[in-house]
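Reading the structure
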Amino acid sequence: MQTRVTVILVARSGAAHLERTLAGLARQSRRPDAIVAVDAGSTDRSAELLAASGPTQFVTTTGKVDFGSAIARALTVAAPAESVNDWLWLLAHDNAPQPAALEALLGAVEIAPSVAVAGPKLMRWDQPDVIAEYGETMTYYGASIPLVEGELDQAQHDVRSDVLGVAAGGMLVRRSLWTALGGFDPALPSVDAALDFSVRARLAGFRVVVVPGAKVASDGGPEMFGRATVSDRRRASTRRAAQLHRRLVYAPAAALPLHWLSLLPLAILRAIGQLLAKRPGAVGGELGSALTAAFGGSRIRVARRSLKRIRRVGWASIAPLRMPPAAARERRAQARDAQRTHSVVVVTEARAGFVTNGGLWVVLLAGIIGLISWGSLIGSPSLTGGALSPLSDSVQQLWSHVGYGWREIGIGFTGAADPFSYLLAVLGSITFWSPSFSLVLVYLLALPLAALGAWFAARRLSTRASLPALAAFLWAIAPPLTGALSGGYLGAVIAHLLLPWLVLAVLNAPRSWAASAGAALLFAAIAVSTPSLVPALVIALLAWIVARPKSVHRLLGIPVPAIALFAPLVVQQVLRGNPLALFADPGVPAPTATGSALHLALLSASNGVHGKDGLDGWAGVVQSFGLPGVSASIIIAALLLPVGALALLSLFVPGSRRAIPSMIMALLGFVTAVAASHLQVSHLGSVAVPVWTGSGLSLFWLGLVASVLIALDALGRFAVPVGILTAVTATLLVLPMLGSVLLKTTPVQAGARILPAVVTAEAEQHPDVGTLVLTPQPGGGLSATVQRGSGSTLDDQSTLAATSAFSDPTSRRVATVAGNLASRSGFDAGSELTKLSIGFVLLTPNDTGVHKRTSEALDSNALFAPVGATDNGLLWRFEGLPNEKTIATVGNTDTALGSLILVGQGIIFGMTLLLGIPTVRRRRRVTVSGSNPGQPADTFDGDGEND
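Residues numbered from 1 in each chain as written. Predicted model: local features only at pLDDT ≥ 70, side-chain atom pairs only at ≥ 80, totals over all residues. Heavy atoms only, no water.

1. Side note on the overall build of the protein
Cut-off, in case you're wondering: Note on conventions: DSSP H or I runs of at least 4 residues are helices, E runs of at least 2 residues are strands, and numbering of each starts at the N terminus. Remark: exposure states derive from per-residue accessible area (1.4 Å probe, protein chains only) relative to the maximum for the residue type, with buried under 20%, exposed over 50%, and partly exposed in between. Any two residues whose heavy atoms approach within 4.5 Å are treated as being in contact. Accessible surface area values rest on a Shrake-Rupley calculation with a 1.4 Å probe, where residue burial reflects the displayed protein chains alone. Lys and Arg are tallied as positive, Asp and Glu as negative. Neither His nor the chain termini are counted. Every charge is mapped to an atom, namely NZ of Lys, CZ of Arg, CG of Asp or CD of Glu.
Counting secondary structure elements, the protein contains 34 helices and 25 strands. The principal-axis extent of the C-alpha atoms belonging to the protein is close to 120 × 75 × 45 Å. Here the protein holds 947 residues, and the buried ones make up 52% of them. In the protein, of all internal contacts separated by at least 6 residues, the share reaching a separation of at least 24 is 75%. Accessible area of the protein: about 40300 Å², with a carbon and sulfur share of 62%. For the protein, the distance from the average site of its 73 positive side-chain charges to the average site of its 57 negative ones is 7 Å.

2. Let's talk about the nonpolar core
Filter applied, for reference: Each nonpolar core is a collection of buried residues, namely Ala, Val, Leu, Ile, Met, Phe, Trp, Tyr and Cys, held together in the definition by side-chain atoms within 4.5 Å.
Leu-490 and Trp-701 are the most contacted members of the largest nonpolar core, which totals 116 residues. Looking at which element gives the most residues to this core, the answer is helix α15 (residues 437-458), with 12 residues. Discounting chain neighbours no more than four positions away, the residues touching Leu-490 are Leu-388, Phe-420, Leu-424, Leu-439, Val-442 and Leu-794. Ranked by size, the runner-up nonpolar core spans 61 residues in total, among them Val-10, Val-38, Ala-201 and Ala-242.

3. Side note on the environment of Pro-756
With respect to the element layout, Pro-756 can be found in the loop between β19 (749-750) and α29 (757-765). On the basis of relative accessible area, Pro-756 is assigned to the buried category, the value being 2%. Residues contacting Pro-756, with those up to four places away along its chain left out, are Leu-842, Thr-870, Asn-872 and Leu-875.

4. A word on the pairing of strand β1 (residues 4-11)
Spelled out, the test is: One bridge is not enough; two strands pair if DSSP finds at least two bridges between them.
Where burial is concerned, most of β1 is hidden: 7 out of the 8 residues are buried. Of the pairings in the sheet, the one linking β1 to strand β4 (residues 86-92) comprises 7 bridges and is parallel in character. What sits directly across from Leu-9, in β4, is Leu-91. Judged from the 6 bridges that link them, β1 and strand β2 (residues 34-39) form a sheet pairing that is parallel.

5. Focus: the pattern of salt bridges
Short version of the rule: One speaks of a salt bridge when a side-chain nitrogen belonging to Lys or Arg is within 4 Å of a carboxyl oxygen belonging to Asp or Glu.
One pass over the structure, following the stated rule, counts 13 salt bridges. The salt bridge partner of Asp-162 is Arg-207, with a shortest N-O separation of 2.7 Å. Taken as a pair, Asp-162 in the loop between β10 (151-152) and β11 (172-174) and Arg-207 in strand β12 (residues 207-218) lie far apart in primary sequence, 45 residues in all. Residue Asp-162 is classed as partly exposed on the basis of its relative accessible area of 29%.

Right, dumping it as structure tokens:
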């Protein structure tokens, strides 16, 4: 009986490929008996080209349809089958057959009546000697895998015959079988449709083979049908969705519920694996595919009934054609090896070693300076003073203060925690046996840690061995860092330590998911520590995105963790009509006198915050020595002259293009400092507290130091003496501040007690006992605050309380009680003190009349028993306080909102951490002498991506 072949040619917006495909079809040595051309919703000249080719039938569809649906439409107009020897040859617009392709396919099926499906050797469209795909199989877990792809065709696979499946493009299939099986599964519109059809043909008792002599050019898989490009994310998502669909269709009835229940848990585990593999774009596809498979019930039921209807043999018949687990693992290992670049990482001698090039010695020197300055803190359990206070006594308490819940500051309230509380919880957890000791470690290690980060960041800017060491030293003794340490601005200290690491991570982020995730975590840590830096950092990040548009997918996610931390506080501050309060410094509000723009340009963050120590202590030095006609500003300007001159010079030397971003960064830092000096959003009693300007000055100094390195890089043999001069003048610049630390004239001192020992002892028995702290104010006023237990800790602090522009009824009650206690009156304060759970009254030291009047009034009040003078001031005990708890609190997990916030933030940070974990062995570095000193070498990070 004569064999009859009907070609079904489907095109969708494929005019660029269609001419070659039509030409190949016209040159076939065995001409097809009929050609049905289908235009599947093209938007180009495809329909015109198909019509001009003179097909037997020409079909157009309304709207875009997939390949399988277009074939079904074609069969409705094709001539009916005349015998069992009728065959369908399926071609897409990008399947150009070689002249002998159809003849070879028919030759293979005519000698083997059991063969019902035959597939050609698909070759790459633009590389005719490279195999695009030759046969398909699947693993024991149902994942589809091409047997051969991307290999040079040397007839090495021509011995292959029986396979589990073949590709849709170029497939020759018996028409009666196509009708019996119902064609391709409509639930598989783009991928795995041909594999699923081949599996069903096998289960129906027929063979599926590949024919090496039949060659068809192909320009993309089924997911590319009618598309110019397909992203890796979409490709992975569609393939996973197809795999899950087939898994549910092929599963035995008894195992189907187990497979269905495992869909979402497995999707979560696979999503974690995708993050570890640095493929965050595939996470959404994993979850979406699982949900689609789980709730696409009607399609699965139809496919299962169709499979049951045609099945003639068991699954054991196709088991030998599936890929064993060992072979699948080997295939994945080979794919990973193929993705790794074999390039040798070259670094110049300036980057050769941390030890040999001075990095270690600068870190040790900075450590010695730090120990000399803050060595008296060794053995202290905690720090107090300035913007510092101890942390809570246990890690559990630290973590209970994050998220949304009860804020035990003042009279207490329910609200969002400062994002800084997360960082404090992490710090306190490091020294879990004594959380407050972590603050001591920060002070002792601040200078060497600053030097360490700056050295690694400076390697990206300089090719000379000594210059990264100079940058490390300049960053370690930076005036903004010493000023922040002296004033107790822990957030500014942490931001200063992390800024070089953030710069390094952001520079690497365009080519590394691990670096991008690391940059996101560092950005969040800096943002919560110093919110005033966020605008400058966002501007710098946007500029980097513009400079690296191809890496926007890696760079846009950097601020996401910070946004997650700030979101609850942003909502609450905006609802209060006080959005500028978001820039308030976390920690204890510490009044300071901000300097002018000139003082900020001289790197002085405050003007007299430490008594005579204005201009970083130089005002006191000049006054002490009585230098006539010499001001502190002139001395500081002279000492900063080398840094300033080199920074300006960097704009005019070879390689000045690298200096422009550094100077822009310096400008952003200076503008941030100036803006912060005019922003007063917090208050301490009646005293306004401006935003600490030292954080902006750290960014200012970072840009200056980077510019200095670029300038010194171009000075040749003059770089060493000029660098030494710069280091010496920078050291002289911070000597007065370091001297004030040694003389213990700074606010920060060793100590763990916030309230008097009597109160602390009482708090051990009654943690909710309140102490009314009365502080005389300038102008004759009196500030009244309430501290619970042994005193408000650093993690108790809340910018919501410090920036509140209005008083609630409870605050007014406290003010009323304080006002009546400060003077003799007939007001009965006992009931109010009981309701407020206040057991002590503390009057802080002061030499004003307000202090004397308040002291006399409390001494004469029968409600109180005088305790006496303490280190914190005069103390009285209220005898009428009951022992039972009178203040109801709400924990951060006691409400649905609080739990939702913690879960959402936990998911975002968990994903970021997983993405940031290196999963590939770090490449070997080699040192090459004689490298171009003006061109920094590329580096590679630990996850195997080009950095």
